[in-house]
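Spelled out, the chains give:
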Amino acid sequence: MSTFLILNPRSGNDSPDPGELRAAAEERGIRVHVLREEDDLFEVARTADADVLGMAGGDGSLAAVAGVAVEQDVAFVCIPFGTRNHFARDLGLDRNDPIGALAAFDEGEERRVDVARANDRLFLNNVSLGIYARLVHRREHHRRRRDALARLRALALTLQDRGRQQHFTIDGEHVRAQLVLVANNPYTFDLFSLGERERLDEGKLHLYIPHGLRRVTWEERSCTELEIEATQPRLRAAVDGEPEELHAPIRFRIEPRGLRLLVPPAPEPE
């Protein structure tokens with residue numbers, strides 16, 4: 001069985017030494033490609049010619065490679081190597097142990113989990129429109145300028161927009177909201193904090209819209225397909241935490257159990 005791991009050495013601020021992870025992977029006989037700035041991630045994944053395709057990076061790069069795994073009907077391995085690692089958390093992986101996650105390549109148990117799409121863009125976690133999307137785009141703009149205060153400045157600018165609502169048309173219904181979030185499977189929420197998902201195979205999209213400022217309540221709907229229109233032809237979005245611009249209308253759909261995922265065996269009870 002041919003195994004291939006793409007490693008993004010620039011993912012996250014607190015990730016372990018990429019060299020250590022690469023050495024541990026190669027000891028298992030896994031081919032490793034360390035991503036360079038000039039590399040096209042999709043092209044690297046598509047030309048890997050492997051039975052098992054893995055990604056060591058953040059949620060955005062995981063989704064990109066998972067999309068190729070779905071396209072080629074090969075197994076996928078998630079190695080948490082980003083800043084937040086929400087997908088790994090919801091899988092039940094130890095987000096602080098990327099080397100331990102390598103066991104999925106040769107000892108892994110297969111699980112089928114849902115994936116979702118916004119137009120043709122595959123996502124594993126969620127897509128945000130509105131205030132959070134603006135925060136992510138501003139943060140990325142400042143990061144590219146190598147601004148050490150990027151996150152604080154982006155947050156300050158976004159807080160100035162707290163009263164600003166956008167106009168959306170969701171499945172034909174006009175909605176004014178600061179934030180619209182479409183999730184692959186249900187989340188728990190605490191005010192504006194995104195919680196966890198208890199399952200990844202329900203086969204449903206979940207739409208969340210917050211209402212109110214001091215006492216926030218969440219409007220929630222579940223469905224298998226969803227369409228969001230806006231007055232502008234392109235919408236700024238945060239797709240699995242990464243800045244994107246999506247053509248409107250955005251057509252969301254769920255692909256139940258569309259991803260063949262390998263996870264490390266559960267630790268034996270002591």
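The rules behind the values
- Counting starts from 1 at the beginning of each chain's written sequence and moves along it residue by residue.
- With pLDDT at 70 or above as the cut-off, local features in this predicted model cover only qualifying residues; side-chain atom pairs require 80 or more to be listed or tallied, and sums for whole chains, interfaces and linings still use all residues.
- Hydrogens and water molecules were not included; the side-chain quantities draw on all heavy atoms of the structure.
- One number per residue, pLDDT, summarises how confident the predictor is, and it ranges from 0 to 100.
- The contact rule is simple, with two residues in contact once any of their heavy atoms fall within 4.5 Å.
- The secondary structure listing takes helices from DSSP runs of H or I that are at least 4 residues long and strands from runs of E that are at least 2 residues long, numbered from the N terminus.
- Working definition: with a 1.4 Å probe on protein chains only, accessible area under 20% of the residue-type maximum means buried, over 50% means exposed, and in between means partly exposed.
- Each salt bridge in this description consists of a side-chain nitrogen of Lys or Arg and a carboxyl oxygen of Asp or Glu lying within 4 Å of one another.
- Paired strands, as defined in this entry, are two strands with at least two bridges between them according to DSSP.
- Between N-to-C directions, angles cover 0 to 180 degrees, with each direction set by a line fitted to C-alpha atoms, over the stretch in contact for helices.
- Directions are taken from the helix axis to each C-beta atom, and the arc is the one they span.
- Polar contact is defined as a pair of N or O atoms within 3.5 Å, subject to the rule that within protein one atom must be able to donate a hydrogen and the other to accept it, and that residues adjacent in sequence are counted only when both atoms are side-chain atoms.
- Crossover handedness is defined here as right-handed if the route from the first strand over the helix to the second strand goes clockwise, with the strands pointing away from the viewer.
- Any pair of Phe, Tyr and Trp rings, taking the six-membered ring for Trp, is counted once the centres come within 6.5 Å. Such a pair is stacked with planes under 30 degrees apart, edge-to-face with planes over 60 apart, and tilted for the rest.

> Could you clarify how one ought to interpret the confidence of the model for the chain in this entry?
Close inspection of predicted coordinates is inappropriate for parts of the model with low pLDDT. Per-residue pLDDT for the chain averages 87, and the proportion of residues at 70 or more is 83%. Counted against residues more than four places away or in other chains, residues 141–160, with its pLDDT under 50, gives 18 contacts.

> Where do I start with unusual backbone geometry in this structure?
With the exception of glycine, the majority of residues adopt a negative phi angle, and the majority of peptide bonds are in the trans configuration. Each neighbour pair has its own omega, and for Ala 248 with Pro 249 the value is 0°, a cis peptide bond. One non-glycine residue, Asp 171, lies in positive phi territory at about 50°. Within the secondary structure, Asp 171 is located in the loop between strand S8 (166–170) and strand S9 (173–177). Here Asn 185, not a glycine, exhibits a phi torsion of approximately 80°, which is positive. As for its placement among the helices and strands, Asn 185 is situated in the loop between strand S10 (179–184) and strand S11 (189–190). By relative accessible area, Asn 185 is classed as buried at 0%.

> Even after reading the chapter, I still don't get the pattern of salt bridges, so can you show me in this structure?
When charged atoms on two side chains of opposite charge get close, those side chains can pair. Overall, the coordinates contain 19 salt bridges when judged by the stated rule. The shortest N-O distance in the salt bridge between Arg 28 and Asp 106 comes to 2.8 Å. Here Arg 28, found in the loop between helix H1 (18–27) and strand S2 (31–34), pairs with Asp 106, found in helix H6 (residues 103–107); they are 78 residues apart in sequence, far enough to count as distant. Since its relative accessible area comes to 44%, Asp 106 is described here as partly exposed. Using a relative accessible area of 34% as the deciding quantity, one classes Arg 28 as partly exposed. Among the charged side chains, a network of salt bridges with common partners joins Asp 73, Glu 110, Arg 112 and Arg 260.

> Sorry, what's going on with the sheet that holds strand S7 (residues 126–130) here?
Pairing is antiparallel in the open sheet, where six strands are placed in the order S14-S13-S10-S7-S16-S17. The open sheet has two edge strands, strand S14 (217–223) and strand S17 (242–247), and neither has a second partner. Neighbour-to-neighbour, the strand axes of this sheet turn through a mean angle of 25°, independent of strand direction.

> What is the right way to read H1 from this model?
Every α-helical turn comprises 3.6 residues, leaving residues that sit three or four positions apart pointing alike. Along H1, the residues that are buried comprise Leu 21, Ala 24 and Ala 25. The buried side chains of H1 occupy one side of the element, clustering within an arc of 100° when seen end-on. Its side-chain oxygen at 3.0 Å from the backbone nitrogen of Gly 19, Asp 17 defines the N-terminal cap of H1. Two residues or fewer past H1, Gly 29 is found with a positive phi of approximately 85°.

> Hey, could you run me through the pairing of strand S4 (residues 75–80) in this one?
The two faces of the sheet receive side chains in turn, since in a regular strand these alternate between them. Of all six residues in S4, six are buried; the element is thus mostly enclosed. Side-chain alternation along S4 places Ala 75, Val 77 and Ile 79 on one buried face and Phe 76, Cys 78 and Pro 80 on a second face that is also buried. Where strand S3 (residues 52–57) lies against S4, six bridges are found, and the strand directions are parallel. Each bridged residue has a counterpart across the sheet, and for Leu 53 the counterpart in S4 is Phe 76. Once the chain exits S3 it traverses helix H3 (residues 59–72) before rejoining the sheet at S4, and the crossover so formed is right-handed. When S4 meets strand S18 (residues 250–263), the two strands line up parallel, connected through two bridges.

> Mind showing me how you'd approach the packing of aromatic side chains here?
Counted under the stated rule, the structure contains two aromatic pairs. An angle of 85° between the planes, with centres 6.3 Å apart, marks the rings of Phe 123 and Phe 252 as edge-to-face. Linking Phe 123 in strand S6 (residues 121–123) with Phe 252 in strand S18, this pair joins segments that are 129 residues apart in sequence. Arranged with centres 6.4 Å apart and planes meeting at 85°, the rings of Tyr 208 and Trp 218 form a pair that is edge-to-face. Here Tyr 208 is found in strand S13 (residues 205–211), whereas its partner Trp 218 is found in strand S14, with 10 residues between them in sequence. On the basis of relative accessible area, Tyr 208 is assigned to the buried category, the value being 1%.

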